[in-house]
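# Residue-level structure breakdown
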Amino acid sequence: MNLGVKSLLHELGSLKKESGKWGNFSRHGEIGSTQGKGWMDRSIANALGEDEADVVISHEPVYQKNDNFSEVEEGITPISSSEIEGKRNSANAGHYVEHEFLKEREGLFSVLRFKDDRHCSPLIAEALDPDCKVSPVRVSNKLKQLGLKIAPKKRMLQVDVALSNGSNQIMEEARAVGERSAVLFNLLQQCRGKFSENFNWVASQGLVGVICFFMLGDAKVGCMERERQALLHFKQGVVDHFGTLSSWGNGEGETDCCKWRGVECDNQTGHVIMLDLHGTGHDGMGDFQILGGRISQLGPSLSELQHLKHLNLSFNLFEGVLPTQLGNLSNLQSLDLSDNFEMSCENLEWLSYLPSLTHLDLSGVDLSKAIHWPQAINKMSSSLTELYLSFTKLPWIIPTISISHTNSSTSLAVLDLSLNGLTSSINPWLFYFSSSLVHLDLFGNDLNGSILDALGNMTNLAYLDLSLNQLEGEIPKSFSISLAHLDLSWNQLHGSIPDAFGNMTTLAYLDLSSNHLNGSIPDALGNMTTLAHLYLSANQLEGEIPKSLRDLCNLQILLLSQNNLSGLLEKDFLACSNNTLESLYLSENQFKGSFPDLSGFSQLRELYLGFNQLNGTLPESIGQLAQLQGLNIRSNSLQGTVSANHLFGLSKLWDLDLSFNYLTVNISLEQVPQFQAQEIKLASCKLGPRFPNWLQTQKRLQELDISASGISDVIPNWFWNLTSNLVWLNISNNHISGTLPNLEATPSLGMDMSSNCLKGSIPQSVFNGQWLDLSKNMFSGSVSLSCGTTNQSSWGLLHVDLSNNQLSGELPKCWEQWKYLIVLNLTNNNFSGTIKNSIGMLHQMQTLHLRNNSLTGALPLSLKNCRDLRLIDLGKNKLSGKMPAWIGGNLSDLIVVNLRSNEFNGSIPLNLCQLKKVQMLDLSSNNLSGIIPKCLNNLTAMGQNGSLVIAYEERLFVFDSSISYIDNTVVQWKGKELEYKKTLRLVKSIDFSNNKLNGEIPIEVTDLVELLSLNLSKNNLIGSIPLMIGQLKSLDFLDLSQNQLHGGIPVSLSQIAGLSVLDLSDNILSGKIPSGTQLHSFNASTYDGNPGLCGPPLLKKCQEDETKEVSFTSLINEKDIQDDTNNIWFYGNIVLGFIIGFWGVCGTLLLNRSWRYSYFQTLNKIKDWLHMTTTTNINRLRRSF
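The following refers to the structure shown. As the structure is a prediction and not an experimental result, all values here were calculated from the model. (Residues numbered from 1 in each chain as written. Predicted model: local features only at pLDDT ≥ 70, side-chain atom pairs only at ≥ 80, totals over all residues. Heavy atoms only, no water.)

## Quick look at helix α11 (residues 225-236)
- Relative to the 16 Å expected for twelve residues at 1.5 Å per residue, α11 spans 17 Å between its end C-alpha atoms, a close match to the ideal helical length.
- Along α11, the residues that are buried comprise E227, R228, A230, L231, L232 and F234.
- Elements that come into contact with the buried residues of α11 comprise β6 (263-265), β7 (272-276) and α12 (299-303). (Helix = DSSP H or I, 4+ residues; strand = E, 2+ residues; numbered from the N terminus. Expected span 1.5 Å × (residues − 1). Buried < 20%, exposed > 50% of the residue type's maximum accessible area, 1.4 Å probe, protein only. Contact = heavy atoms within 4.5 Å.)

Listed below in structure tokens is the structure:
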């Protein structure tokens, strides 16, 4: 039974009163005093009544054996008389027991459970009355009346054994029991005066009594008052918005701190041994329970918990410098302060004062100033086995500093230094732990060199993560054969996958993704029979999937996407894993043939085959994958009809992507699939012409894309009910008509309804989302209503595109509520009025399109605050005033500047030359005057290879999804307005045409060697064309027409081979057009209006050309006469030679008979010899065969 201290003392005290020996207190007596009878009489209440123990038992107490006990050596520390007197304000012991002691100690000893036995009763009797007038039998009976039980004999035998080991061991056990045993030891102080000669025996037996009460008595005690107060003080310094510590208090039922949330006490001593206040709810699971406050103010309170073994304050919002008082918690075994990202620590030396620490987690704590962290770790106790320092901003180890390992722990088994940016200078320090480490995580650092440099001789590793580093070279052919987890992803590794991996038969997890590995997947991987996770994606692997993978019977996840793998996906290519495979990613490869039959894969949950070359139809057997949750086959060449039969059995499907195939989706309301999907993407599939009614059954949709699906219908009313949970909605590029109602949408909604036939006004509610594209519709009216939006997300709109509509009125005045806007496009509408100053509050804006409206006035000065702007297109308005100089001075990230067709005046400011990233600068069709700045060569992006892409990855924050956006603008190109989007990055142009500029063309413009288009026409430029203009080798378009340029056309101009458009008309140019097919190939109109020009392709001949023509004709006549003479001599010599040669031989034979006879006789002999030789050889051949 539970027995209160007040009742117990009252009942036992009554035995003392009945004996008639209840004495008075001696006010002048003191422990260690020889006055009176040696030792004063003290009651049980007095012995228990002090806030601290009356005596503190040392490790090995030694007592002097003399009559007076006047000395105490290392055994008992006396308390002062003032402390005693402060407790003795009552005239009698009874009043003191009932009033002072119980008032102070009832909360501490709230519930005690006692057990009686044959040893306890005599000891209690002796303690009550040294004269032995209170018998043990009466004590035992009283305890039995109170409901106490006899302790089991087995435990009593344990006491006897402990007693036989000597008083020192007993004292040690008593000390282990804690403070409460020291308090109750004072029960025996009363016996000192009567049993002085046998004090050691009494002390020993008294401690046995203590053990009987508190170790054998099955006691469960409350927490210590001092520790309780320390916890309450801790609570005062904590920010607790979620009521995590609501159970910590002084109210009824709250006095026992051992019952408080997060607190655990020792069942026997009552000391707090665990404080677990880790935050919850951060992972989306459960309620938010997060604490905050300055951790430095909590140090003194925590240091009072001297018996604390486990402290966990992880996943909270504590901030400030970590208090070094934590080093006083010498009993601490585990310390977890992880994921308090505003917490810091400048010195880790205090960790060496925690001799029992085995587990330390400071992940997320800022250790950037703890420059000697390796030395501090080395000084820690050898008991440390787990160390987690992930994402702590650890300083680099300086290679020149020697790090001693003399006292460091060689028992460290788990080490996590991930996400710290450490370099390979960490390697020598790691090598010291190579023999003990079992788990090593170096993910997200800056390690370079080879893997062997990072590993050393770590042969006992079972877990190794080197992902997201800068490791190079080939993968080693040998690793620790005991590895179960190996992650080398996101490095710079190259070469092939070694066959030696087949020897790692214990490996269950292998990730080599996102490297530069090539070659084929080795057949040896089929020997890794324990492999469950295989990631080889984002490499340059080629060939077919090896047939040996069908032997991996434990395979659960296979990722081979983003490679160059090819071949057919046969039915049994993963045969053995058909009962284990859960995820199959083969997307972005070159697999061909028909869709694989995967009907036997009963556990398959994710199937991603997108961006391949699969053809044929989607088999209905896909509906047999009952566990399937994600199906993505986008961007293939599949065709045919997808009906309810394909999808009906997929009750767990939440992600369906059939986009960009040639599929027709035909599902009726009578055959609705059983799944409730979160994502349905059917872009470019044929759904129309009617709206797909079956979609109204999907109540959990977060993403819906039915763009370009051939729908020509009015939006049904039920469709808007789907928007309540949507994060992304895309119905663009259809022929959908109707109006938009006020939507009850999520504050994170992204919506693309562009390129449809929607009309009417734009409702206010659509501006509550994060991404909005209503371009290329027929919306009308004003958008000023957007200033009244409520229920906006905390991030607000990121993207607004209302271009190509019929909107009118003034621009909104409330730009401040769109302060996170990145893209604003209001092009091709009828907006009027001025641009409001509040637009300068869009500090994150990167794209501003206001082209082709009727805006007036000057550019607001506040726009210079939009320093992130990369594109600004304000063309075709009525903006006026001077060209602002701050465009160049403040908006240095600009890539596209289009201010054409406005009414700007004044000169071109020199600050524009500070736009080093600008690739398109169009100031044409304004009233600009003055000279062209000579500093144009500072526009370095036009003089260098490469180009900047104007593209954004706009993230929808709530559900951590993102939308890719590539910017576009209209460029005046070769006399036409053309829209550039993906190729906009290739356009590098300057257009200052149709202004009133004067002066010469600066020679510095010829340094912009990557310029594609230069238009300076329709100005008042004078001087000559720069002689070095031929340096602009990339030039495709050059228009210098309608100026007052004079002089000749530079010869270097003919060296620009790619020039396709040239206009030099209406100037004062003169001289001959340089020869060459490049300049001569242009139409004559290119050079019109220049009376002084001559030569092809103009009909006008140059004067020097006419002179040369006459000289050339005379020269030709003389040459013809000389050629005729030479021909007569040539042919005459041929005739003469023939006559002499023929008649010199034939004439002699004709006239001389003897010569003629000899000549023909010789010919006959030659004939006979040839005949005889031929006949003889033929006969020999016949005989041989």
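## Points about the sheet that holds strand β65 (residues 1046-1047)
- Judged by pairing direction, the sheet is parallel, and its three strands sit side by side in the order β65-β67-β68 without closing on themselves. In this open sheet, the two edge strands, each paired with only one partner strand, are β65 and β68 (1092-1094).
- Both β65 and strand β67 (residues 1068-1072) contribute to a ladder of two bridges, which runs parallel. Along β67, the bridge assignment pairs G1047 with L1069. (Pairing = 2+ DSSP bridges.)

## As for the pairing of strand β23 (residues 516-519)
- Across two bridges, strand β21 (residues 494-495) lies against β23 in parallel orientation. The residue of β23 that forms the bridge with G495 is L517.

## A word on the state of the cysteines
- For the coordinates displayed, the defined rule picks out five disulfides.
- Residue C553 pairs covalently with C576 via a disulfide, S to S 1.6 Å. Residues C553 and C576 are joined by a disulfide whose S-S torsion is about 95 degrees; by sign, that bridge is right-handed. Here the residue C553 occupies a position in the loop between β25 (540-543) and β26 (557-559), and C576 occupies one in the loop between β27 (564-568) and β28 (583-585), the gap between them amounting to 23 residues.
- Assessed through its relative accessible area of 32%, C553 is described here as partly exposed.
- With a relative accessible area of 29%, C576 lands in the partly exposed category.
- Put simply, C913 and C935 are joined by a disulfide, and their sulfur atoms are 1.9 Å apart. Taking the sign of the S-S torsion, 70 degrees for the link of C913 and C935, the bridge is right-handed. One end of the pair, C913, is in the loop between β53 (903-907) and β54 (920-922); the other, C935, is in the loop between β55 (927-931) and β56 (951-956), with 22 residues separating them in the sequence. In this pair, the class of C913 matches that of C935, namely buried. (Disulfide = S-S within 2.5 Å.)

## Observations regarding the pattern of salt bridges
- Going through the model one piece at a time under the given rule, you end up with eleven salt bridges.
- Note that R228 and E225 form a salt bridge whose closest N and O atoms lie 3.7 Å from each other. Residue R228 and its partner E225 are both found in helix α11; the two are separated by three residues, about one turn of the helix.
- Linking E319 and R294 is a salt bridge whose minimum nitrogen-to-oxygen distance equals 3.6 Å. Taken as a pair, E319 in strand β10 (residues 317-321) and R294 in strand β8 (residues 291-294) lie far apart in primary sequence, 25 residues in all.
- One salt-bridge network, in which partners are shared between bridges, spans E679, K681 and E703. (Salt bridge = Lys/Arg side-chain N within 4 Å of Asp/Glu carboxyl O.)

## What about the environment of S334?
- Relative to the elements of secondary structure, S334 occurs in strand β11 (residues 334-336).
- Here the alpha-carbon distance between S334 and E386, two residues 52 residues apart in the chain, equals 9.3 Å.
- Ignoring anything within four residues of it in the chain, the contact list for S334 reads K309, H310, L311, L357 and H359.

## Overview of the pairing of β8
- Note that strand β5 (residues 239-240) and β8 share two bridges and pair antiparallel. Considered in β8, the bridge of V239 is made with G292.
- Of the strand pairs in this sheet, β8 and β10 are connected by three bridges, and their pairing is parallel. Across the sheet, G292 pairs through a bridge with L317, a residue of β10.

## Thoughts on the packing of aromatic side chains
- Tallied over the full model, the rule gives 16 aromatic pairs.
- Here Y432 and F433 contribute two aromatic rings whose centre-to-centre distance is 5.7 Å and whose plane-to-plane angle is 85 degrees, an arrangement assigned as edge-to-face.
- Taking the centre distance of 5.1 Å and the plane angle of 65 degrees together, the rings of F691 and F719 count as edge-to-face. Placement of F691 in the loop between β36 (679-681) and β37 (703-705) and of F719 in the loop between β37 and β38 (728-730) is noted, with a sequence separation of 28 residues between them.
- Ring-pair connections join several aromatic residues into one group, and the members of that group are W373, W429, Y432 and F433. (Phe/Tyr/Trp six-rings, centres within 6.5 Å; stacked < 30°, edge-to-face > 60°.)

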